[in-house]
Amino acid sequence: MCAAPVVRRPASVESGPPPAAPARIRTGWTVLPSRVAAMCVVELQKLRHDRTELYTRAVQPALWLLIFGETFSRVHAIPTGNVPYLDFLAPGIIAQSAMFIAIFYGIQIIWERDAGVLSKLLVTPTPRSALVTGKAFAAGVKALVQAVVVILIAAALGVALTWNPLRLAGVALVVVLGSAFFACLSMSIAGIVLTRDRLMGIGQAITMPLFFASNALYPIALMPGWLKAVSLANPLSYEVDALRGLLIGTPAHLPLDLGVLCFAALVGILCASALMGRLAR
């Protein structure tokens, strides 16, 4: 009687480590911190490789402080209480320079659409709102570098600024939040007009009204009633108010200012995210 054959398992099955588990792919909002960090690093690398834009953008705020600020300080045309007009103006120019950078950020989105980059980003597991958030806060980092330049210019002109680290951290937060809103506004406009030329025209048409319809150049108390209403609805007014309170110590409404800026940035992210798909069609 023959013995039953012995069935041997393959050596690869008998021994050896168990197969490694597949790497878990992060999706959804779990990639938000890395997306925001990546976009911020890209903007800093752009500035490091080409500082020309930083220098040229510093010319306009320097002229505002040197010409407009020094002139109106001498003629005393705008009453600002016990605060010198140049000190009163400096936070407004910081907010203005940050807004001017962010308000044209939608042009980069249209360029990415034309280059085919945007369609590749939208097919990744990252939500559109996370992409918009990353780009918005990257614009905030770029504006923050510009704000540092303006602060140094203002200090050289004798503006009595605070150097308290906590207050300067608050200044950074305010600039980033304000720039994030205006970057989202620009991206939302880009999702509507779809072309760079139209976006440039609309951006140029709304920047100066936003600037003049705020408290950057003069106190809200001096405005006519209708302009006061516009100024109170303008996020730039709350950014300037917070910057004045933090930098030169004037009375400010910091909880209200930060609350409005956070709300405006959130609404801007939602609107830009909803219109992002229209750009990719």
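Let me sum up the structure you'll find in this document. Fair warning: this is a prediction, and the values are worked out from it, not measured in the lab.

What counts and how
Residues numbered from 1 in each chain as written. Predicted model: local features only at pLDDT ≥ 70, side-chain atom pairs only at ≥ 80, totals over all residues. Heavy atoms only, no water. 1 Å grid on protein atoms, 1.4 Å probe; cavity = no way out; pocket = protein on both sides within 12 Å on 5 of 7 lines; lining within 4 Å. Points joined across faces, edges and corners; volume = space filled by probe spheres on them. Helix = DSSP H or I, 4+ residues; strand = E, 2+ residues; numbered from the N terminus. Nonpolar A, V, L, I, M, F, W, Y, C, P; charged D, E, K, R; others polar. Expected span 1.5 Å × (residues − 1). Polar contact = N/O pair within 3.5 Å; in protein donor to acceptor, adjacent residues only side chain to side chain. Salt bridge = Lys/Arg side-chain N within 4 Å of Asp/Glu carboxyl O. Buried < 20%, exposed > 50% of the residue type's maximum accessible area, 1.4 Å probe, protein only. Phe/Tyr/Trp six-rings, centres within 6.5 Å; stacked < 30°, edge-to-face > 60°. Lys NZ or Arg CZ within 6 Å of the ring centre and 35° of its normal. Axes fitted to C-alpha atoms, helices over the stretch in contact; angles between N-to-C directions. Parallel < 35°, antiparallel > 145°, perpendicular 65-115°, else oblique. Contact = heavy atoms within 4.5 Å. Patch = residues over 30% accessible without salt bridge, like charges linked within 9 Å, V, L, I, M, F, W, Y side chains within 5 Å. Areas by Shrake-Rupley, 256 points an atom, 1.4 Å probe, with all protein chains shown as cover.

### Things to note about the layout of surface pockets
A probe as big as a water molecule, rolled over the atoms, marks out the empty space that is left. If you add up the space inside the largest pocket, you get close to 380 Å³. In terms of lining, the largest pocket is formed by 17 residues, of which the most central are Asn215, Ile220, Asp241, Pro251 and His253. For the lining of the largest pocket, the secondary-structure elements that each account for two or more residues are helix H10 (225-232), helix H11 (235-247) and helix H12 (254-280). When residues of the lining of the largest pocket are assigned to their parent elements, the largest contribution, four residues, is made by H11. The residue makeup of the lining of the largest pocket, split by class, is eight nonpolar, six polar and three charged.

### As for helix H8 (residues 165-193)
Here H8 contains 29 residues, and its C-alpha end-to-end distance of 42 Å stays within 8% of the 42 Å for a straight helix at 1.5 Å per residue. By the N-cap criterion, in which a side-chain oxygen at the helix start approaches the backbone nitrogen of a residue two or three places on, H8 is capped by Asn164, the distance to Leu166 being 2.8 Å. The first or second residue beyond H8 is Leu194, which carries a positive phi of 75 degrees.

### Quick word on the pattern of salt bridges
This structure, assessed with the given rule, holds two salt bridges. With a shortest N-O distance of 2.7 Å, Arg113 and Asp114 are connected by a salt bridge. With a relative accessible area of 23%, Arg113 lands in the partly exposed category. With a shortest N-O distance of 3.1 Å, Arg196 and Asp114 are connected by a salt bridge. Here Arg196, found in helix H9 (residues 196-212), pairs with Asp114, found in helix H5 (residues 106-115); they are 82 residues apart in sequence, far enough to count as distant. A residue is classified by how much of its surface remains accessible, and Asp114, at 43% relative accessible area, is partly exposed. The network of salt bridges with common partners includes Arg113, Asp114 and Arg196.

### Things to note about the packing of aromatic side chains
Under the definition given, this model contains eight aromatic pairs. With centroids separated by 5.2 Å and ring planes inclined at 80 degrees, the aromatic side chains of Trp64 and Phe211 adopt a geometry described as edge-to-face. Of the two residues, Trp64 sits in helix H3 (residues 52-75) while Phe211 sits in helix H9, which places them 147 residues apart along the sequence. A residue is classified by how much of its surface remains accessible, and Trp64, at 15% relative accessible area, is buried. Connected via pairs of aromatic rings, a cluster forms that spans Trp64, Phe68, Phe72, Tyr85, Phe88, Phe211 and Phe212. Across from the ring centre of Phe88, 3.5 Å away, lies the NZ or CZ of Arg244, which sits over that ring.

### Digging into the packing of H5 against H8
Two elements in contact, H5 and H8, have axes separated by 7 Å at closest approach and are oriented at 45 degrees. As judged from the angle between their axes, H5 and H8 are oblique. Residues Gly106, Ile109 and Ile110 of H5 pack against Ser186, Met187 and Ala190 of H8. Split into classes, the residues belonging to the contact of H5 with H8 amount to four nonpolar, two polar and no charged.

### Quick look at a nonpolar patch on the surface
A contiguous nonpolar surface patch, about 360 Å² in accessible area, is contributed by Val59, Leu63, Leu66 and Ile67. Structurally, Leu63 can be placed in helix H3. For Leu63, a relative accessible area of 43% puts it in the partly exposed group.

Read these as geometric descriptors, not functional statements.
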